[in-house]
Amino acid sequence: MQAVTIKQYGGPEELQLTEIDRPKIATDEVLVAVRATSINPIDWKARQGLLKGMYDWQFPVVLGWDVAGVITAVGSDVKKFKVGDAVFARPDIYTDGRRGTYAEYAAVKEDKLALKPAELSFEQAAALPLAGLTAYQVIHDQLKIQAGERVLIQAGAGGVGLIAIQLAKYFGATVATTASPNHAALLKQLGADEVIDYHTTAIQDVLHDYDAVFDTINAVDDGLAILKPAGRLVTIDGQLTAAQKAQSQAVSTWWLQPNGRELAILGDLVVQGQVKVVIDQVLPFSTAGLQQAHRDSEASHSAGKIIIRVS
Ligand SMILES: NC(=O)c1ccc[n+]([C@@H]2O[C@H](COP(=O)([O-])OP(=O)(O)OC[C@H]3O[C@@H](n4cnc5c(N)ncnc54)[C@H](OP(=O)(O)O)[C@@H]3O)[C@@H](O)[C@H]2O)c1
């Protein structure tokens with residue numbers, strides 16, 4: 001099959017269309033013919049070699065951890081899915097480094113899969129798993145946002161931030177967010193009550209006594225400064241210092257747990273119109289397409305997701 005792989009860690013030019021073997025599925029996995037995948041910052045961080053300490057991958061490595069496509073084979077233990085089902089998922093990160101989603105086929109464990117609602121295109125479905133599950137797990141499972149609370153969501157125009165804003169509004173919160181001025185109208189349209197231009201304004205100057213902070217930009221001290229003494233903060237970007245852990249507020253880090261059940265809930269919220277999927281651009285499945293996608297994601301000013309249309 002064709003896959004876009006890297007043969008060593010480095011810049012976007014390392015991404016090259018390559019012929020490799022299709023993944024072989026285990027008994028609890030399905031094989032998905034990939035119709036679309038999307039880019040997340042972990043992709044270019046991995047490409048740069050920043051995950052070396054966590055994964056001892058063998059080259060060539062296939063990056064990419066969002067998939068939407070159609071099942072072409074099922075393992076003998078798979079109960080809930082069948083050949084022909086349209087599905088989406090954030091697959092596991094496999095230790096061999098060969099099973100990313102910049103590929104024509106991807107292997108996915110059954111418990112990571114959700115059926116793709118017919119109302120969503122493959123591109124929209126591919127935008128949801130990694131960023132959407134992260135937003136859902138932080139807003140719903142970790143921060144446990146309640147109606148009437150005030151929450152700050154950093155980097156509102158990012159893949160995670162856009163979904164997190166809409167989920168926090170869905171759960172009844174008042175939402176402040178940070179963004180560049182060109183994204184303010186979009187974020188207000190999606191429900192943000194206050195959009196702070198982080199280029200000109202420090203959040204500490206305008207926000208006080210917040211119940212919760214969702215940190216996506218490794219600015220934990222800034223977040224702590226606007227929280228109530230009993231407030232909560234979760235960061236998905238960076239490690240906490242001893243001083244930050246010693247604060248009166250509840251401060252923690254979160255790493256996404258792929259989960260098909262929660263992904264299905266997110267898909268339903270999109271179908272109900274409670275969450276809109278924002279796509280920054282759709283690029284082709286090619287050496288040039290993936291290189292461009294990584295450059296744009298790394299520049300960190302996209303609004304929503306960068307999608308790769310695979311077939
Ligand atoms: N721990 C986990 O499990 C997990 C899961 C997902 C993501 N992450 C991490 O979370 C971070 C965000 O992910 P993402 O997918 O949302 O990224 P993304 O889509 O690439 O975010 C891009 C957005 O970041 C905004 N931005 C950049 N610098 C900013 C700043 N200083 N203040 C406010 N906004 C800023 C930009 O907004 P403007 O153009 O408006 O400036 C842009 O829209 C990444 O570091 C990613 O690796 C962690």
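Worth saying up front: this structure is predicted, and the values here are computed from it rather than measured. (Residues numbered from 1 in each chain as written. Predicted model: local features only at pLDDT ≥ 70, side-chain atom pairs only at ≥ 80, totals over all residues. Heavy atoms only, no water.)

Visitor: Just give me the short version of the UniProt feature "domain: Enoyl reductase (ER)" (unreviewed entry) in the protein chain, but keep the residues and values in it.
Guide: Residues annotated in UniProt with the feature "domain: Enoyl reductase (ER)" (unreviewed entry) correspond here to residues 10-308. In residues 10-308, the share of helix is 28% and the share of strand is 26%. The end C-alpha atoms are 21 Å apart. (UniProt positions renumbered as here; feature names shortened; annotations may be inferred. Helix = DSSP H or I, 4+ residues; strand = E, 2+ residues; numbered from the N terminus.)

Visitor: Would you mind going over the sheet that holds strand β1 (residues 2-6) in detail, with residue names and values included?
Guide: Sheet architecture is open: three strands sit in the order β2-β1-β4, paired in antiparallel fashion. Edge strands, defined here as strands with exactly one partner in the open sheet, are β2 (16-19) and β4 (61-62). Inspection of the sheet shows β1 paired to β4 by two bridges, in the antiparallel sense. Counted as the bridge partner of T5 is V62 from β4. (Pairing = 2+ DSSP bridges.)

Visitor: Now, about empty space enclosed by the protein: what can you tell me, with residues and values included?
Guide: Tallying each qualifying case throughout the model produces two cavities of 30 Å³ or more. Of the pockets and cavities examined, the largest cavity occupies roughly 60 Å³. Along its surface, the largest cavity is lined by A127, A131, G159, L162, I163, V277, V278, G304 and K305. Looking at which element gives the most residues to the lining of the largest cavity, the answer is helix α4 (residues 159-170), with three residues. Here the lining of the largest cavity spans two domains, since at least three of its residues come from each of domain 1 (2-128 + 277-309) and domain 2 (131-253). The computed volume of the second largest cavity comes to approximately 40 Å³. (1 Å grid on protein atoms, 1.4 Å probe; cavity = no way out; pocket = protein on both sides within 12 Å on 5 of 7 lines; lining within 4 Å. Points joined across faces, edges and corners; volume = space filled by probe spheres on them. Domains from an automatic or database assignment.)

Visitor: Which residues make up the site of the ligand, and what values do they have?
Guide: Around the ligand sit 24 residues in total, of which S180, H183, Y198, L256 and S302 are the nearest. H183 is positioned with one of its side-chain polar atoms (N or O) 2.7 Å from an oxygen atom of the ligand. Separating a nitrogen atom of the ligand from a backbone N or O atom of I236 is a distance of 3.1 Å. Alone, the ligand offers 940 Å² of accessible surface; in the complex the protein occludes 88% of this. Only α1 (41-47), α3 (129-142), α4 and β10 (174-179) provide two or more residues apiece to the shell around the ligand. Within the shell around the ligand, the residues separate by chemical class into twelve nonpolar, ten polar and two charged. Two domains each donate at least three residues to the shell around the ligand, and these are domain 1 (2-128 + 277-309) and domain 2 (131-253). (Near = heavy atom within 4 Å. Polar contact = N/O pair within 3.5 Å; in protein donor to acceptor, adjacent residues only side chain to side chain. Areas by Shrake-Rupley, 256 points an atom, 1.4 Å probe, with all protein chains shown as cover. Nonpolar A, V, L, I, M, F, W, Y, C, P; charged D, E, K, R; others polar.)

Visitor: Give a detailed account of unusual backbone geometry, specifying residues and quantitative values.
Guide: In this structure, P60 follows F59 across a cis peptide bond, with omega equal to 0 degrees. If you check the backbone angles, A155 has positive phi at about 55 degrees while not being a glycine. Tracing the chain through its elements places A155 in the loop between β9 (150-153) and α4. Residue classification places A155 among the partly exposed positions, given a relative accessible area of 27%. The phi angle at S300 is positive, at roughly 60 degrees, despite the residue not being glycine. Relative accessible area serves as the criterion here: at 52%, S300 is assigned to the exposed category. (Buried < 20%, exposed > 50% of the residue type's maximum accessible area, 1.4 Å probe, protein only.)

Visitor: Please provide a residue-by-residue account of the packing of aromatic side chains, values included.
Guide: For the coordinates displayed, the defined rule picks out four aromatic pairs. With a centroid separation of 5.3 Å and 65 degrees between ring planes, the pair formed by Y170 and F171 is classed as edge-to-face. For Y170, a relative accessible area of 37% puts it in the partly exposed group. By way of ring pairs, the aromatic residues Y55, W57 and W65 are connected into one cluster. Its end group placed over the ring of Y105, R22 keeps NZ or CZ at 3.9 Å from the ring centre. One cation-aromatic arrangement involves K116 over F122; the distance from NZ or CZ to the ring centre is 4.7 Å. (Phe/Tyr/Trp six-rings, centres within 6.5 Å; stacked < 30°, edge-to-face > 60°. Lys NZ or Arg CZ within 6 Å of the ring centre and 35° of its normal.)

Visitor: Residues and numbers for the environment of T174, please.
Guide: Within the secondary structure, T174 sits in strand β10. Of the residues examined, T174 reaches a relative accessible area of 32% and is grouped as partly exposed. Other than its neighbours up to four places away in sequence, T174 contacts E149, R150, V151, K169 and D193. (Contact = heavy atoms within 4.5 Å.)

Visitor: Requested: an account of the packing of α3 against helix α9 (residues 260-271), with residues and values cited.
Guide: Following both chains from N to C, one finds α3 and α9 inclined at 95 degrees, their axes separated by 10 Å at the closest point. Here α9 runs roughly perpendicular to α3, going by the angle between their axes. The segment α3 lies against α9, with P129, G132, L133, Y136, Q137 and D141 engaging E262, L263, I265 and L266. Partitioned by chemical class, the residues of the contact of α3 with α9 number six nonpolar, two polar and two charged. (Axes fitted to C-alpha atoms, helices over the stretch in contact; angles between N-to-C directions. Parallel < 35°, antiparallel > 145°, perpendicular 65-115°, else oblique.)

Visitor: Requested: an account of the environment of V151, with residues and values cited.
Guide: Locating V151 in the fold gives a position in strand β9. Residue V151 is classed as buried on the basis of its relative accessible area, which comes to 0%. Through-space distance from the C-alpha of V151 to that of G304 is 20 Å; in sequence the pair is 153 residues apart. Not counting chain neighbours up to four residues away, the residues in contact with V151 comprise I145, A168, A173, T174, V175, A176, Y210 and A212.

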